[in-house]
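Coordinate inspection notes
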Amino acid sequence: MKKVFIFIYFVLLGIGRNTPDQMFVYSGVGLIDIFTLIAFIYILQKRDHSVLIAKYRYELIAFTFFFVFASFSAFVNTFKYTLLLSDLFELFRYILIPVYLIVISIFFIRERNLTLLGFFLGVAYTGLIAYLNPRNLDILGTVQLFNPNVIGTIMVVSAVMATVFLKNSSIILKSFLIATLLFLSFYTFSKSSWLIAILVLYSFFVIEIFYSKNIRDKVTFSLIFVVPIFSIIALNFDLIYMLFYTKYLTTDFGLTAAEGNSFQARWGLIYSSIIIWTENPIFGVGISNWEQAHIENQMNLGSMFYLDDNPNSAFFYVLSCMGIIPFLIFLYVFFQFSLYVITALHGLGIGYHISIIVIMVFFLTGNIQVEMLKAYYFWFAYALFKTEALKLKSLY
């Protein structure tokens, strides 16, 4: 029964809130949130988990302060802006983050294979549903996934996690999983997803060719993954070139944000966030108020103005909406995460330059979309890397 619960838990974690119909989410509260609280209450009754729980004391302290300052910011800004019921749920989810980390770590220690299998199945299901419910039915003769930037990020981040945590798994199953996730990410037509997918391909190749000690696995990997990838590229080079060149043209580098340049638009959103923060350095403008504050900056931004409801960056979202203290706390958490990545990959026998690539992948995702702060995939990765780092140091 416990194994069934753990498996279902991680399938739900992989699905998250990313299906078109918000499956398993009711009035802003996800079924996974309820499962997490139930699991945490059960865990608290087991004394053998007290040592691991203590290892998350800094995260508990950090997010307690994060929750307090974010809440204070939200309530202070009700005098100028608004505070919605959904904002209260979002604030509550911040205090739940350390709970998620503890539950994921303990389940990962108990049932490593079930944990990974459930999560990756949930992610693959999300990608498949996004493919079957496309945002656009015809882009250069094919479909574009539902919610492409978010789904694409989840696909490629999950792929990079698979290259690391499935290092000693079946090379056939691992290659099939990573190929599936990267295949789905292609249909996002998102430059950031494509860039991260290239980093994932490089990491996967280096890990399997240079860090694997099994000659048979190296040969199998070359035959079922490397040769097909290069063959597909060679046979469809003109089509692939046309796709990338078309994407380059549609970016409109010579234009302003107002005229359609996506890079200028992203820079305008970040610059607007900086202006918002300088005007509200201590408390920010409160969660969910970024769009209104951004519109108020339209005259200052001029041709850099691009209408959006968030800055497309978790880091700048925290800075402009919650103020300097939550921003510094979030930086501290990401710095800790980076240290765990380096320690864990070193323990798994993977070189430091791959660690840097993994950190880059998560840093890029944090600066291309705001969802990183609330996304289950990041906290799943945080818990797994920390657990591996603690295991290396024999701290549990």
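Provided above is the structure to which this section pertains.
Worth saying up front: this structure is predicted, and the values here are computed from it rather than measured. (Residues numbered from 1 in each chain as written. Predicted model: local features only at pLDDT ≥ 70, side-chain atom pairs only at ≥ 80, totals over all residues. Heavy atoms only, no water.)

A look at the side chain of T115
Within the secondary structure, T115 sits in helix α6 (residues 112-132). Dropping the residues within four chain positions of it, T115 is found in contact with I6, F10, F107, F108 and F380. (Helix = DSSP H or I, 4+ residues; strand = E, 2+ residues; numbered from the N terminus. Contact = heavy atoms within 4.5 Å.)

Notes on the packing of α6 against helix α7 (residues 148-165)
Axis separation between α6 and α7 bottoms out at 10 Å; the angle between their running directions is 150°. In terms of their interaxial angle, α6 and α7 are classed as roughly antiparallel. The interaxial crossing formed by α6 with α7 has left-handed handedness. Contacts between α6 and α7 involve R112, L116, F119, F120, V123, T126, G127 and A130 on the former and, on the latter, I151, I154, M155, S158, M161, A162 and F165. Partitioned by chemical class, the residues of the contact of α6 with α7 number 11 nonpolar, 3 polar and 1 charged. (Axes fitted to C-alpha atoms, helices over the stretch in contact; angles between N-to-C directions. Parallel < 35°, antiparallel > 145°, perpendicular 65-115°, else oblique. Left-handed = near helix turned anticlockwise from the far one by under 90°. Nonpolar A, V, L, I, M, F, W, Y, C, P; charged D, E, K, R; others polar.)

Some remarks on the nonpolar core
Of all hydrophobic cores here, the largest spans 116 residues; its most connected members are M161, M322, F362, L373, W379 and F385. The element best represented in this core is helix α5 (residues 85-110), accounting for 13 residues. Setting aside chain neighbours within four positions, we find F362 in contact with V157, V160, M161, F334, F337, M372, Y377, F378, A381 and F385. (Core = buried A, V, L, I, M, F, W, Y, C linked by side-chain atoms within 4.5 Å. Buried < 20%, exposed > 50% of the residue type's maximum accessible area, 1.4 Å probe, protein only.)

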